[in-house]
Amino acid sequence: MKNEYDYLIVGSGLFGSVFAYEATKAGKKCLVIDKREHIGGNVHCENIEGINVHKYGAHIFHTNDKTLWNYVNQFVEFNNFTNSPMSLSKGKLYNLPFNMNTFYQLWGTKTPQEAKAKIDEQIAIYGVENPKNLEEQALSLVGKDIYDHFIKEYTEKQWGRKATELPAFIIKRLPVRFTFDNNYFNDTYQGIPIGGYNKLIEGLLEGIEVATKTDYFSDREKFNKLSDKIVYSGKIDEYFDYKLGVLEYRSLHFENEILETDNFQGNAVVNYNDADYDYTRIIEHKHFEFGKQNKTVITKEYPQEWNPGKEAFYPINDAKNQSLFDEYKKLSLEEKNVIFGGRLSEYKYYDMHQVIALALTRSKKELENG
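Residues numbered from 1 in each chain as written. Predicted model: local features only at pLDDT ≥ 70, side-chain atom pairs only at ≥ 80, totals over all residues. Heavy atoms only, no water.

### Re the sheet that holds strand β9 (residues 209-211)
Right, so step 1: Reading across the sheet, the five strands line up as β9-β2-β1-β10-β16 and stay open at both edges, with parallel pairing between neighbours. Only two strands of the sheet have a single partner each, and these edge strands are β9 and β16 (338-340). The average angle at which neighbouring strand axes cross in this sheet is 20°, direction not considered.
Right, so step 2: Bridging between strand β10 (residues 227-232) and β16 involves three bridges; their strand directions are parallel. Within β16, the residue paired with Ile230 across the bridge is Val338. (Pairing = 2+ DSSP bridges. Helix = DSSP H or I, 4+ residues; strand = E, 2+ residues; numbered from the N terminus. Axes fitted to C-alpha atoms, helices over the stretch in contact; angles between N-to-C directions.)

Printed below as a string of structure tokens:
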């Protein structure tokens with residue numbers, strides 16, 4: 001007897017939603033389930049005071065791939081928002097990413113030659129040949145002033161560890177620009193969906209059967225019988241009942257405030273570097289869509305230790321966790337009718353455009369062969 005669905009898709013984030021759209025377009029019948037009460041995974045927006053609030057942290061779409069840009073714009077038009085964060089350090093505001101504006105604010109340097117000389121001089125004094133931890137790595141890449149002002153305390157808050165205890169590989173490189181350019185990303189295409197990310201997800205899932213507040217693990221035997229194949233975008237260790245051990249993450253806690261002002265900080269993202277603040281940044285959501293509302297909504301972002309039950313945001317890709325993931329990956333390859341994909345099932349931090357590209361590649365391969 002044929003199963004009711006061709007694909008059961010566990011998780012309605014970008015990976016699951018793109019896969020569902022492509023499979024449906026190819027004539028397949030899909031059921032998308034999600035344990036949360038909403039669709040969209042971590043790109044979900046909540047409308048508060050007429051403002052699209054990024055419920056799980058700031059999401060700014062950026063890519064160099066014109067095909068991907070056109071792909072998302074077929075569902076919703078994107079605006080021309082440019083991510084240009086500010087950084088509050090030791091009582092002063094600085095531009096990010098590190099560029100000529102930052103160096104002028106920090107040292108008063110006016111030319112690229114002056115800024116380069118300052119950085120090189122500090123690297124010569126503080127850098128080490130084989131950095132053994134994050135602090136040594138950062139000092140070797142950008143010197144002491146940039147490290148002290150923008151990296152040390154922010155990173156220690158982010159990871160909940162001293163910089164001298166964090167592995168050097170967390171910072172592979174620290175881009176510095178010798179131009180007056182505050183655009184955080186180098187990509188050709190960048191923006192926010194007009195009306196929020198829900199419009200993108202709703203467009204992808206239009207006409208597809210979706211069940212929210214539905215946990216695959218509450219009755220996986222029942223769910224497994226519904227379809228020929230499963231597309232799984234949840235945590236890979238949970239899929240295998242944690243039988244080899246638990247993969248570790250860092251988590252985040254968000255605190256929203258509605259303020260009786262039309263403009264709180266004049267920018268979408270302001271980083272708070274100093275250890276005096278428990279949060280790492282404040283997001284003012286209206287600026288993502290150039291809002292003119294009378295009120296504003298801000299979110300303070302607090303990094304926290306992860307434990308089962310909390311949202312898993314950032315994989316801790318150290319040697320121990322990576323080795324454990326590799327073992328789970330081997331198990332996943334033995335699951336013949338399950339397609340694993342997305343950041344949780346691949347234990348990897350992905351940007352949005354990367355997840356969409358991955359889902360397009362996987363679905364194409366599957367639909368051609370399946």
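### Quick notes on the environment of Glu153
Right, so step 1: Looking at the element boundaries, Glu153 is found in helix α6 (residues 144-159).
Right, so step 2: A relative accessible area of 23% places Glu153 in the partly exposed class.
Right, so step 3: When the C-alpha positions of Glu153 and Ser345 are compared, they lie 31 Å apart, and in sequence the two are 192 residues distant.
Right, so step 4: Polar side-chain contacts of Glu153 include one of 2.5 Å to the backbone nitrogen of Ala275. (Buried < 20%, exposed > 50% of the residue type's maximum accessible area, 1.4 Å probe, protein only. Polar contact = N/O pair within 3.5 Å; in protein donor to acceptor, adjacent residues only side chain to side chain.)

### A few points about the domain arrangement of the protein
Right, so step 1: The assigned domain composition of the protein is domain 1 (5-81 + 189-248 + 315-369) and domain 2 (86-171).
Right, so step 2: One C-alpha centre belongs to domain 1, the other to domain 2; they are set 35 Å apart. (Domains from an automatic or database assignment.)

### Some remarks on helix α1 (residues 14-25)
Right, so step 1: Along its twelve residues, α1 runs 16 Å from first to last C-alpha, staying within 8% of the 16 Å computed at 1.5 Å per residue.
Right, so step 2: Among the twelve residues of α1, ten are classified as buried, and the element is accordingly described as predominantly covered.
Right, so step 3: Every buried residue of α1 is listed here: Leu14, Phe15, Gly16, Ser17, Val18, Phe19, Ala20, Tyr21, Glu22 and Ala23.
Right, so step 4: Directly after α1, the chain includes Gly27, whose backbone phi takes a positive value near 90°. (Expected span 1.5 Å × (residues − 1).)

### Comments concerning the packing of aromatic side chains
How two aromatic rings sit relative to each other is given by the distance of their centres and the angle of their planes.
Right, so step 1: As enumerated under the stated definition, the model contains 36 aromatic pairs in all.
Right, so step 2: Between Phe103 and Trp107, the aromatic rings sit 5.7 Å apart at their centres with planes inclined by 20°, giving stacked as the arrangement. A residue pair is termed a helical-turn pair when its members lie 3 or 4 positions apart in one helix, as Phe103 and Trp107 do in helix α3 (residues 100-107) at four residues. Here Phe103 and Trp107 have matching classes, each one buried.
Right, so step 3: Each ring, one from Tyr216 and one from Phe217, has its centre 5.1 Å from the other, and the planes form 70°; the classification is edge-to-face. (Phe/Tyr/Trp six-rings, centres within 6.5 Å; stacked < 30°, edge-to-face > 60°.)

### As for the pairing of strand β7 (residues 92-95)
Right, so step 1: In the sheet, strand β6 (residues 86-89) pairs with β7 via four bridges, with the strands oriented antiparallel. Residue pairing for β7: Ser89 is matched across the bridge by Lys92.
Right, so step 2: Counting the residues in the hairpin turn of β6 and β7 gives two residues, including Lys90, whose phi is positive at 50°.

### Observations regarding the UniProt feature "domain: UDP-galactopyranose mutase C-terminal" (unreviewed entry) in the protein
Right, so step 1: Using the residue numbers shown here, the UniProt feature "domain: UDP-galactopyranose mutase C-terminal" (unreviewed entry) corresponds to residues 150-349.
Right, so step 2: In this annotation, residues 150-349 is assigned 22% helix and 23% strand; the end-to-end C-alpha distance for the span is 22 Å. (UniProt positions renumbered as here; feature names shortened; annotations may be inferred.)

### Some details on the side chain of Asn271
Right, so step 1: Tracing the chain through its elements places Asn271 in strand β12 (residues 269-272).
Right, so step 2: Residues within four places of Asn271 in sequence aside, it is in contact with Met86, Ser87, Leu88, Leu96, Tyr154, Thr280 and Arg281. (Contact = heavy atoms within 4.5 Å.)

### What to know about the sheet that holds strand β13 (residues 281-284)
Right, so step 1: Overall, mixed pairing links the seven strands, which are arranged β7-β6-β12-β13-β14-β11-β15 in an open sheet. Of all the strands in the sheet, just β7 and β15 (314-315) have a single pairing partner and so form its edges.

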